[in-house]
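Summary of the model geometry
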Amino acid sequence: MVPGDPILGLTEAYNADPRPGKVNLGVGIYYDEQGRIPLLRCVRQVEQAMAAEAKPRGYLPIDGLPAYDLATQKLLFGAQSAALEAGRVVTSQTIGGSGALRIGADFLKRTLPQAKIAISNPSWENHRVVFGTAGFEVSDYRYYDPASHGLDFAGMLADLGALEPGTVVLLHACCHNPTGVDLTAAQWSQVVALVKERGLLPFIDIAYQGFDKGTDADATAIRLFVDSGIPAFLVASSYSKSFSLYGERVGALSVVAADRDEAKRVQSNIKRTIRSNYSSPSTHGGAMVAAVLGSDELRAQWEQELGEMRERIHQLRAGLVSKLAALGAPEFGFIQQQAGMFSYSGLSKAQVDRLREEYAIYAIGTGRICVAALNSGNLDKVAEAVYAVSR
Ligand code: PMP
């Protein structure tokens, strides 16, 4: 037996809890006002059209649906990207963002066997597991500052600056999981300059594009790396959240290479890596995303629905902060500064245990809460319980 996944274990305990009014803030899923995972209207529309067409289900190419890969590139790099025009970017549809990370990790291990990787402290737990399993030595760089509930930017720069040239550095483009603490555009510019000067290899993880400021603004880090003229970097992207298609496993791995020829060589290597893992990705989710992004009308509808999710998260953050302040706990104001689905609430393990035992509110031991699991029906209860355990 190996240890179970702590987050999935928490959900099992939540499901088994008989108390009415229980709340699960441990998940990494966006729930709507009714507490359900939304099915976006644009997705429903293309899915109905696809069902009516009843097409045969052949295999996709190893690197996925070409229309999906192309649309993904435009979303990440910008439709007018010079790197795209120069043929420097190759994109492969993968089994979720997780698959993109793993294929990228396997590819890098094979191409640069001596390279190590540095991830933020803290980071999404699976980063360490994926890169460790691919054979990487994983270290971390300073990121979160518990005292300010914000970024330890000086520590981050110092640690990145001390990495050996050639080290892979995993960066969260936006909506950092688990802290909700992001870099400003000006801070990104400094990180990009340092990474380039130091000869590090960026691997950008973007699993929440559109969940903070919008699809373009949330891709700032990617655009800045392209503009910097850095010769190569990787991007693992996911539509799990932005399309609310979690179980469809829709992700992509993009690699920016020095030029068109290098990009072709990279692509041949990535295809071999995919082939030796799972042959080719699945059709249904990718076809739906490609259909939405490929139609001006549906694309606009998706942007609107994504904007609704984004706005609602901002409102939930504001609502939680103002309720806590009204109760007499103004020190939680930082929750409004944080971005995306998650917040490092600052609650200790003991306080999180009390939330669960006394109030049937489930959060992760680190104090991470999923803001997107709040709604007008549970917000007051959560605020009151957080206030009570924090006193
Ligand atoms: N990266 C981060 C930072 C994530 O939070 C997640 C999802 N929890 C992923 C990657 C993986 O995304 P997917 O579910 O598409 O595999």
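Scroll up a little and you will see the structure.
Let me begin by describing the structure that accompanies this report. Note that the structure is a prediction, hence the values are computed from the model and not measured.

Topic: the site of the ligand
Close contacts around the ligand come from Gly-28, Gly-96, Gly-97, Ser-98, Trp-124, His-172, Asn-177, Asp-205, Ala-207, Ser-238, Ser-240 and Gly-251, and that covers them all. Here the element with the most residues in the shell around the ligand is helix α5 (residues 96-111); it accounts for three residues.

Brief notes about the nonpolar core
One finds Val-169, Ile-222 and Met-341 to be the most contacted residues of the largest nonpolar core, which totals 115 residues. Considering every element that reaches this core, the biggest residue donor is helix α11 (residues 284-293), with seven residues.

A few points about the pairing of strand β2 (residues 89-95)
The buried fraction of β2 is high, at seven of seven residues. Here β2 runs beside strand β10 (residues 250-256); their pairing, made up of seven bridges, is antiparallel. For Thr-94, the partnering residue across the bridge sits in β10 and is Gly-251.

Observations concerning the pairing of strand β8 (residues 201-206)
Among the six residues that make up β8, five are buried, leaving the element largely enclosed by the rest of the structure. Traced from β8 through helix α9 (residues 220-228) to strand β9 (residues 233-238), the parallel crossover comes out right-handed.

Notes on the sheet that holds β8
Taken in spatial order, the seven strands line up as β2-β10-β9-β8-β7-β3-β4 in an open sheet, and their pairing is mixed. Strands at the two margins of the open sheet, each flanked by one partner only, are β2 and β4 (138-142). Across this sheet, the average inter-strand angle for adjacent strands is 25°, counted without regard to direction. Across the sheet, helix α10 (residues 260-277) is in contact with β2 and β10; its angle to β2 comes to roughly 10°.

Considerations on unusual backbone geometry
Omega for the bond connecting Asn-121 with Pro-122 falls within 30 degrees of zero, at 0°, which places this linkage in the cis form. Along the polypeptide, Pro-122 turns up in the loop between β3 (117-121) and α6 (125-133). In this chain, Asn-177 is followed by Pro-178 through a cis amide linkage whose omega measures 20°. Relative to the helices and strands, Pro-178 is located in the loop between β7 (168-172) and α8 (185-198). Phi at Cys-175 is positive, roughly 50°, even though this residue is not glycine. Relative to the helices and strands, Cys-175 is located in the loop between β7 and α8. When the 26 C-beta atoms within 10 Å are taken as the criterion, Cys-175 is described as buried. One non-glycine residue, Arg-249, adopts positive backbone phi at about 55°. Within the secondary structure, Arg-249 sits in the loop between β9 and β10. Judged by local crowding, Arg-249 falls into the buried class, with 21 C-beta atoms found within 10 Å.

Reading guide: rules and limits
- In this numbering scheme, every chain counts its residues from 1 along its sequence in written order.
- Per-residue local features are limited, in this predicted model, to residues with pLDDT of at least 70; the limit for side-chain atom pairs, both in listing and counting, is 80 or more; totals at the level of whole chains, interfaces and linings are taken over all residues.
- Throughout this description, a residue near a molecule or strand is one whose C-beta atom, derived from the backbone, lies within 6 Å of it.
- Going along the chain from the N terminus, every DSSP run of H or I of four or more residues is numbered as a helix, and every run of E of two or more is numbered as a strand.
- Connectivity within a nonpolar core runs through C-beta atoms within 7 Å, and the core itself is a set of buried Ala, Val, Leu, Ile, Met, Phe, Trp, Tyr and Cys residues.
- To assign burial, the other C-beta atoms lying within 10 Å of each residue's own C-beta are counted, with C-beta atoms placed from the backbone; 20 or more indicates buried, 12 or fewer indicates exposed, and intermediate counts indicate partly exposed.
- At least two DSSP bridges between two strands are required for those strands to pair.
- Call a crossover right-handed when, viewed with both strands pointing away from you, the route from the first strand across the helix to the second goes clockwise.
- Here, axes are lines fitted to C-alpha atoms. For helices the fit covers the stretch in contact, and angles between N-to-C directions go from 0 to 180 degrees.
- Two residues form a contact once the distance between their C-beta atoms, set from the backbone, is within 7 Å.

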